[in-house]
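# Close look at the chain arrangement
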2 protein chains.
Amino acid sequence: MNKEDYFIKQFSNSKFIGDDAAVVGKWSYSMDAFFENVHFKKEWMSLRQIAYKSMIVNISDAIAMNSYPKYALLTVAIPKSYSNDELKDLAKGFKKAAKEFDIEIIGGDTIANEKLDISITIISKIKNPIYRNGVKKDDLVCFTGDLGSCKKDLEKLFKNKKVSKNSKFIKPKLSADFFYEASKYINASLDISDGLFFELERLSKQSKLGFEFFEKISDEIGTSGEEYEILFTFEEKNRKKIEKIAKKHGVKLNIFAKAIKGKYRTKVKNHHF
Amino acid sequence: MNKEDYFIKQFSNSKFIGDDAAVVGKWSYSMDAFFENVHFKKEWMSLRQIAYKSMIVNISDAIAMNSYPKYALLTVAIPKSYSNDELKDLAKGFKKAAKEFDIEIIGGDTIANEKLDISITIISKIKNPIYRNGVKKDDLVCFTGDLGSCKKDLEKLFKNKKVSKNSKFIKPKLSADFFYEASKYINASLDISDGLFFELERLSKQSKLGFEFFEKISDEIGTSGEEYEILFTFEEKNRKKIEKIAKKHGVKLNIFAKAIKGKYRTKVKNHHF
């Protein structure tokens, strides 16, 4: 067990822990860190892009639970060397994401630090939460979009090569509208932050089922992290309805497996930077 | 204007920002960072003490708004070198504070980092919020407990001297029960994290009033940060009732000033570590 999992295990008697967000009544709460040299290197992205992505990865958690982000709290630890223009750029990134998803930034904490470390809490309205433990036997298993480019772009960045500013690694694209509309047909879901194989293991653990793949999925696809595509399951009878909604929103669906008795475990290591 | 204030100013069109917590309907949200080498040095305290204090300083914000902490989300960035026993100690500190104030830890994020950096969001029930802008002219101005020891202990720690494990700098004491009971007589309040003079300036700015001191307050008292005593104001007619409640809870009151027309500004620098 790695250190992070060991630490989280100390709180495992909480019924709230284990999903993308904690649901309390009509609200859901998600919190994610976005730290320099842990989640990004400053050479890779502009400050505006960093702030924007830090918001999006948090909003992604909220959406994957079928909740509607409303408010955000930001902890922003900022190097003393930053100029006022740099602070403005950083703020612009937060505000851009907030505006796009109609979120109000209501508070937080700002401190001087050695490096740029961000932690965000997203407060969302939730009516019909979708959990990781909702997979039913015989469900079809599906992910949105294309996987693999984030891993490739991350490898490029590590080699000091440039990536497009439209790279999903720099600017994740969330399929929010599709997901909300399809949500009533969806049994279980989570976002793909640590790679498909890892997320499937999480689904399997929470739902106590395994998966039968329709065809082999390569490591390039299965271990690409920070994709922020949505992994979800649904009953065969709802397939046509979901496909229609996906088409309407221009979202590509990849139905790649079926839920079966048993368990799914991956051997590959976590490729999340 | 310092960098943190400049950054926060970028979000100043939000009506929520400017108090210890943001109030949204029946809930209040506060978020505070507690970072290694910014808020503490690891030589100063045990991991359990660090985790405990990180919770308490957040809970303090909630109490100073007259809200009741219910849930917490934790971002904990942990050095890779920590042993499982150290992780357990850290978890114990969070859980101790949570138990003391009947808070449930419902989620968060754990990552590997160079140093121990904590950010906490406290979600609290609130019925009758007390804001910083509630001071009325002629209000009496008061703080709980004794101020000054935290500054002295911090100076000792910087000189590599030991301080008592009961030092308020290590283990802040919150006057929650007193404050909740007295709250109906209180017009404005905030906790003393950056020193009395600084907090008075905040009160003055928000309430657009000044203060007439009954006697001079020394810098030793006025600039001692991280005290987590409560600074509050009330009408003269409620003085006896408040004093009675303070006596019942064994809380010392220091009524030291009166709210007057004008503004209060401090020249001393922020002594918050």
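Residues numbered from 1 in each chain as written. Chains lettered and ligands numbered in written order. Predicted model: local features only at pLDDT ≥ 70, side-chain atom pairs only at ≥ 80, totals over all residues. Heavy atoms only, no water.

In the annotation of an unreviewed UniProt entry, the entry for chain A reads Thiamine-monophosphate kinase, and the organism field reads Arcobacter roscoffensis.

Here we come to the pairing of strand S3 (residues 67-79) of chain A. All names here are of chain A. With respect to burial, S3 is a largely interior element, 11 of its 13 residues being buried. Relative to strand S5 (residues 117-126), S3 runs antiparallel, the two being bridged by 10 bridges. From the neighbouring strand, leucine 73 faces S5, where its bridge partner is threonine 121. Both S3 and strand S4 (residues 104-113) contribute to a ladder of nine bridges, which runs parallel. Bridged to alanine 77 within S4 is isoleucine 111. Where the polypeptide runs from S3 across helix H3 (residues 84-100) and back to S4, its parallel neighbour, the crossover connection is right-handed. (Buried < 20%, exposed > 50% of the residue type's maximum accessible area, 1.4 Å probe, protein only. Helix = DSSP H or I, 4+ residues; strand = E, 2+ residues; numbered from the N terminus. Pairing = 2+ DSSP bridges. Right-handed = clockwise from strand over helix to strand, strands pointing away.)

On to the pattern of salt bridges, then. Residues and elements named next belong to chain A. In this structure the tally under the stated criterion is 32 salt bridges over all chains. Across the pair lysine 136 and glutamate 235 runs a salt bridge whose closest N-O atoms are separated by 3.4 Å. Residue lysine 136 is found in the loop between S5 and strand S6 (140-144), and its partner glutamate 235 is found in the loop between strand S9 (230-234) and helix H8 (239-248); the two are separated by 99 residues along the sequence. Among the salt bridges present, the one from aspartate 153 reaches lysine 156, with a minimum N-O distance of 4.0 Å. Taken together, the residues span about one helical turn, with aspartate 153 and lysine 156 both in helix H4 (residues 149-158) at a distance of three residues. Note on aspartate 153: relative accessible area 10%, which makes it buried. (Salt bridge = Lys/Arg side-chain N within 4 Å of Asp/Glu carboxyl O.)

Let us look at the pairing of S5 of chain A. All names here are of chain A. With nine of 10 residues buried, S5 lies mostly within the body of the structure. Here strand S2 (residues 27-35) pairs with S5 via nine bridges, running antiparallel. Note that in S5 the partner of alanine 33 across the bridge is serine 119.

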